[in-house]
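Below, each chain spelled out in residue letters.
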Amino acid sequence: MVLLSNKHYEGIAMTPKDIVERVTWLRKEIEYPNYRYYVLDDPVISDVEYDALMRELEELEERHPEFKTPNSPTQRVGAPPLEEFGTVTHTIPMLSLANAMEEEDVIEFDQRIKRFLKTDTEIEYVAEPKLDGVAVELVYEGGEFAVGSTRGDGVTGEDITQNLRTIKTIPMHLIEKEVASPERLEVRGEVYMEVEDFKELNKKRQESGESLFANPRNAAAGSLRQLDSSVTAQRPLKIFCYNIGEVRGREFESQWELLQTLPKWGLRVNPLIHRCKSIQDTINYYTEVNEFREEHPYEMDGVVIKVNNFELQRRLGEVSRSPRWALAYKFPAKQETTKIINIKAQVGRTGALTPVAEMEPVRIGGVEVKRATLHNQDEIDKKDVRIGDTVVVQRAGDVIPEVVKVIPSKRTGAEQTFTMPDKCPVCGADVVRLPGEAVHRCVSISCPAQLKGRIKHFASKRAMDVDGLGVKLIDQFVDTGMVKDIADLYYLKEEDLVPLERMAEKSAENLLQALEKSKHPSLARFIYALGIRLAGEHISQVLAQRLGSLNGFFQVTEEELLEIPEIGPEVAQSVVRFFRDRANRKEIERLQKAGVKLEEEREEKEEPLNGMTFVFTGVLEEMSRNEAKDLVEDLGGEVASSVGKRVDYVVVGKDPGSKYAKARELGLTIIDEGEFKKLVGLA
Ligand code: IVH
């Protein structure tokens, strides 16, 4: 593979034909490793090589915007926001599936089919997991992704092409290495989110004070319904394809043949698909999948059983909007009934009050549950949940259990309705609900509940990174009144600390040292640490990059913030409000007085490692890998995870791995930790 960096173009005149050829070549060259990585889970090139191809394409498109196309891999970051979604009429309606809960329903399904086809011989089926996500249709014309839509009502769905372009497991061009692509392909599948990714997303949302998604399905649906596709691009969505609509230029004889062909075009198919010789085989498959589904990376709500042969499917046809040839055999729900003993409002870091139901303990999917979230007052009203009610509770995607619904027939008349308190249960300050918001909030910024949460966030690893400041200590600081705001942390003295419970002299010293060490965060970390509502880690980075200094934050207006691509009106308002607030300004001033000083401001910052790529291998003795990485990045350099030609320095520690050998083979510059320290100005 020939890698040309930007510099190679200078001085060489490229004709439009050269550019088109190069751009087309690059897109294919990027699409293939994408497919190997995302679809086959079997990478063929290193991150460094991939990044180099991507950068070259970006540069070429930047210089020659006339050759940009919406399906270019560079466009996966999202397009300008839409006013509303268009509609798409499906050429062939997207049907739904008949459900079965019991084994006998499945046997009955098989018998019905045999009766209908007037046969005694066993029917061959294909069984596949039923994913709990969002059904979509992708249309490829001449192998190019053209339109993508939701299922909608089955006949007409919403045009979510822009959003689907951001999903890396959806190819923008069909691969033609083994099988030619058809003239037109309508392929259907499920967009979903893995449970771990869902938890991570919710964690980030919690940290930035955004509302949480109830389960991975809602998170996937919410992410796909964004009018701004750059938001979708940030969400960890994936797809599995399982069905077709209209196809021109290629015939399939069976579901199995289809599922074997789709991956050859780069379309992801669930590896758990199974060919079954009889209905009994499908039941065995169901039992097997049910056994491991709890440990599986994504949620499955059942198994879909389909007649394999397409000719038989055609003969069987459909009845009341569902095919006669398919059945969804559902897993038992992770739901139980129990009784609500009380409902309490819990106060979080951003002051949001969340109603939590305290219930008689019940085991759901092997876990004891005694509390469940009721989300907010609107949810309580909508579901009409009362204290004393018998309710259905479910654990969705392993998160906080939620109350699904009330069983009204179990009511005795003694149930009591719940309304959010108008005073904060922790500090007694007023509770308000702002227009347009679902949540109630405590207005006091000195509310101990908020303060504890804010300190915890402020000190956390990805914020100010104050080692050793745990929850118990924070409780003591706040409860004894030693710490009344975040800045107070930096005014603590050893003699204040030692008398505290479980605080030896040594740990007091350590904590003070950790606080001292935390005093020079980057602007982005500092902004994130302040815990501004809606400003999570990523948004804080975007803002810091744009505004460059703390002063920039004090002066910026909502209008100016709205000019930044990823910033919407809510974030803009929240940030401006935060920095206009007098108490907040004073707190920042006190932090500065205590010696908190941000890394030098962007304009003045030297970036001596600009354009240089580093790779680390082996154990460093005087700093951690992460510290070394931060150092390189702070000085404008980049750290790659694997060795390639573009790497400028390979830093070798103790017991280096295979990267060392590869680096020598490629003749790269190899340095040790001491030389690295000199390079970054530490020695
Ligand atoms: S086949 C006519 N296969 O289930 C057959 N559907 O109730 C159409 N689903 O809207 C669907 N995993 O969202 C099929 N492996 C799978 C599926 C699956 C999930 C969903 C799909 C559809 C719903 C039908």
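Reading the values: rules and limits
Residues numbered from 1 in each chain as written. Predicted model: local features only at pLDDT ≥ 70, side-chain atom pairs only at ≥ 80, totals over all residues. Heavy atoms only, no water. Salt bridge = Lys/Arg side-chain N within 4 Å of Asp/Glu carboxyl O. Helix = DSSP H or I, 4+ residues; strand = E, 2+ residues; numbered from the N terminus. Buried < 20%, exposed > 50% of the residue type's maximum accessible area, 1.4 Å probe, protein only. Patch = residues over 30% accessible without salt bridge, like charges linked within 9 Å, V, L, I, M, F, W, Y side chains within 5 Å. Areas by Shrake-Rupley, 256 points an atom, 1.4 Å probe, with all protein chains shown as cover. 1 Å grid on protein atoms, 1.4 Å probe; cavity = no way out; pocket = protein on both sides within 12 Å on 5 of 7 lines; lining within 4 Å. Points joined across faces, edges and corners; volume = space filled by probe spheres on them. Nonpolar A, V, L, I, M, F, W, Y, C, P; charged D, E, K, R; others polar. Phe/Tyr/Trp six-rings, centres within 6.5 Å; stacked < 30°, edge-to-face > 60°. Lys NZ or Arg CZ within 6 Å of the ring centre and 35° of its normal. Axes fitted to C-alpha atoms, helices over the stretch in contact; angles between N-to-C directions. Left-handed = near helix turned anticlockwise from the far one by under 90°. Contact = heavy atoms within 4.5 Å. Near = heavy atom within 4 Å. Polar contact = N/O pair within 3.5 Å; in protein donor to acceptor, adjacent residues only side chain to side chain. Core = buried A, V, L, I, M, F, W, Y, C linked by side-chain atoms within 4.5 Å. Lys, Arg positive; Asp, Glu negative; His and termini not counted. Charge placed at Lys NZ, Arg CZ, Asp CG, Glu CD. Parallel < 35°, antiparallel > 145°, perpendicular 65-115°, else oblique.

J.: Which parts of the structure should I look at to understand the pattern of salt bridges?
T.: Pairs may arise between side chains of opposite charge once their charged atoms sit close together. If you walk through the whole model with that rule in mind, you get 43 salt bridges. A salt bridge links Lys306 to Glu128; the shortest N-O distance between them is 3.4 Å. Residue Lys306 is found in strand 10 (residues 300–307), and its partner Glu128 is found in strand 3 (residues 125–131); the two are separated by 178 residues along the sequence. Across the pair, Glu128 and Lys306 agree in class, each one buried. In this structure, Lys423 engages Asp430 in a salt bridge whose closest nitrogen and oxygen atoms are separated by 2.5 Å. Note on Asp430: relative accessible area 39%, which makes it partly exposed. Linked through salt bridges whose partners overlap, the residues forming this network are Glu141, Glu183, Arg184, Glu186, Glu246 and Arg248.

J.: What exactly am I supposed to notice about a nonpolar patch on the surface here?
T.: On the surface, Val432, Leu434 and Val443 cluster together to form a nonpolar patch covering roughly 210 Å² of accessible area. Positionally, Val443 belongs in the loop between strand 20 (440–442) and helix 13 (448–459).

J.: Teacher, can you tell me more about empty space enclosed by the protein here?
T.: Take a probe with the size of a water molecule and roll it over the atoms, and the empty space left behind shows itself. All told, the structure shown has two cavities of 30 Å³ or more when counted by the stated rule. Considered as a void within the structure, the largest cavity measures approximately 60 Å³ in volume. Lining the largest cavity are Glu31, Asn34, Tyr35, Val39, Arg76, Lys168, Thr169, Ile170, Pro171, Ile175 and Gly266. Forming the boundary of the second largest cavity are Leu131, Asp132, Tyr192, Met193, Pro216, Arg217, Tyr298 and Glu299. Looking at side-chain class alone, the lining of the second largest cavity contains five nonpolar, no polar and three charged residues.

J.: I keep staring at the packing of aromatic side chains and nothing clicks. Help me out?
T.: For any pair of aromatic rings, the description consists of the separation of the ring centres together with the inter-plane angle of the planes. Under the defined criterion, the tally for this structure stands at 16 aromatic pairs. Between Phe554 and Phe579, the ring centres sit 5.4 Å apart and the planes meet at 90°, which makes this aromatic pair edge-to-face. A residue pair is termed long-range when its members are at least 10 positions apart, and Phe554 in helix 19 (residues 550–555) and Phe579 in helix 21 (residues 569–580) qualify at 25 residues. Ring plane angle 25° and centroid distance 5.3 Å describe the contact between Phe614 and Tyr649, whose orientation is recorded as stacked. Taken together, the positions of Phe614 in strand 21 (residues 613–617) and Tyr649 in strand 23 (residues 649–652) put the pair 35 residues apart, joining distant regions of the chain. Among the aromatic residues, those joined into a cluster by ring pairs are Phe553, Phe554, Phe578 and Phe579. The positively charged end of Lys177 is found above the aromatic ring belonging to Tyr32, 3.8 Å away from the centroid.

J.: Where do I start with the packing of helix 2 (residues 16–39) against helix 3 (residues 47–63) in this structure?
T.: The geometry of a pair of packed helices is captured by two quantities: the angle between their axes and the separation between those axes. Helix 3 packs onto helix 2 with a crossing angle of 145° between their chain directions and a minimal axis gap of 10 Å. As for how helix 2 packs across helix 3, the hand of that crossing is left-handed. Counting all contacts with helix 2, which are made through Ile19, Arg22, Val23, Trp25, Leu26, Arg27, Glu29, Ile30, Pro33 and Asn34, the residues of helix 3 involved are Tyr50, Leu53, Met54, Glu56, Leu57, Leu60 and Glu61. When the residues that make up the contact of helix 2 with helix 3 are grouped by side-chain class, the tally is 11 nonpolar, one polar and five charged.

J.: When you look at the site of the ligand in this model, what are you seeing that I'm missing?
T.: Around the ligand sit 15 residues in total, of which Glu128, Ala135, Glu190, Tyr242 and Lys306 are the nearest. Within the backbone of Leu97, an N or O atom sits 3.3 Å from an oxygen atom of the ligand. Between the ligand and Lys130 there is a distance of 3.3 Å, counted from an oxygen atom to a side-chain nitrogen or oxygen. Burial of the ligand by the protein chains amounts to 89% of its free accessible area of 510 Å². A per-element tally of the shell around the ligand places strand 3 first, with four residues.

J.: I keep staring at the side chain of Thr338 and nothing clicks. Help me out?
T.: Checked against the element boundaries, Thr338 lands in strand 14 (residues 335–347). Classification of Thr338 as buried rests on a relative accessible area of 7%. For Thr338, the side chain forms a polar contact with the main-chain oxygen of Glu360, separated by 2.6 Å. What Thr338 contacts, discounting residues up to four positions off in sequence, is Met359, Glu360, Val362, Asp389, Thr390, Val391 and Val393.

J.: What exactly am I supposed to notice about the environment of Tyr32 here?
T.: Looking at the element boundaries, Tyr32 is found in helix 2. Relative accessible area serves as the criterion here: at 23%, Tyr32 is assigned to the partly exposed category. As a C-alpha pair, Tyr32 and His173 span 141 residues in sequence and 9.6 Å in three-dimensional space. Residue contacts for Tyr32: discarding those within four places in its chain leaves Val44, Ile175 and Lys177.

J.: Mind showing me how you'd approach the nonpolar core here?
T.: Soluble globular proteins tend to bury their nonpolar side chains together. In terms of nonpolar packing, the biggest core is built from 57 residues, with Leu469, Phe477, Leu489, Leu561 and Phe579 touching the most fellow members. Where this core is concerned, the elements lending two or more residues are helix 13, helix 14 (471–479), helix 16 (505–517), helix 17 (523–529), helix 18 (537–547), helix 19, helix 21 and helix 22 (582–593). Excluding residues within four positions of it along the chain, Leu561 makes contact with Leu543, Leu547, Val556, Ile567, Ala572, Val575 and Val576. Judged by nonpolar contacts, the second largest core, of 40 residues, contains Val134, Leu224, Ile239 and Leu258.

J.: How do you make sense of unusual backbone geometry when you look at a structure like this?
T.: Comment: phi is negative for the bulk of residues other than glycine, and the bulk of peptide bonds are trans. Here Lys118, not a glycine, exhibits a phi torsion of approximately 50°, which is positive. Among the secondary structure elements, Lys118 is positioned in the loop between helix 4 (103–117) and strand 3. Taking relative accessible area as the criterion, Lys118 reaches 74% and is therefore assigned exposed. Even without glycine at this site, His375 takes up a positive phi of about 65°. One can find His375 in the loop between strand 16 (367–373) and helix 12 (377–383).

J.: Just to check I follow, could you spell out a negative patch on the surface for this structure?
T.: A cluster of acidic residues, Glu102, Glu103, Glu104 and Asp105, forms a negative patch on the protein surface. Taking the relative accessible area as the measure of exposure, Glu102 reaches 46% and is therefore partly exposed.

J.: Can you walk me through the packing of helix 13 against helix 14 in this structure?
T.: It is at 10 Å that the axes of helix 13 and helix 14 come closest, and there the two elements cross at 140°. Comparing the axis directions of helix 13 and helix 14 gives the class oblique. The crossing of helix 13 and helix 14 is right-handed. Facing helix 13, whose interface residues are Pro448, Leu451, Lys452, Ile455 and Lys456, helix 14 presents Val471, Ile474, Asp475, Val478 and Asp479.

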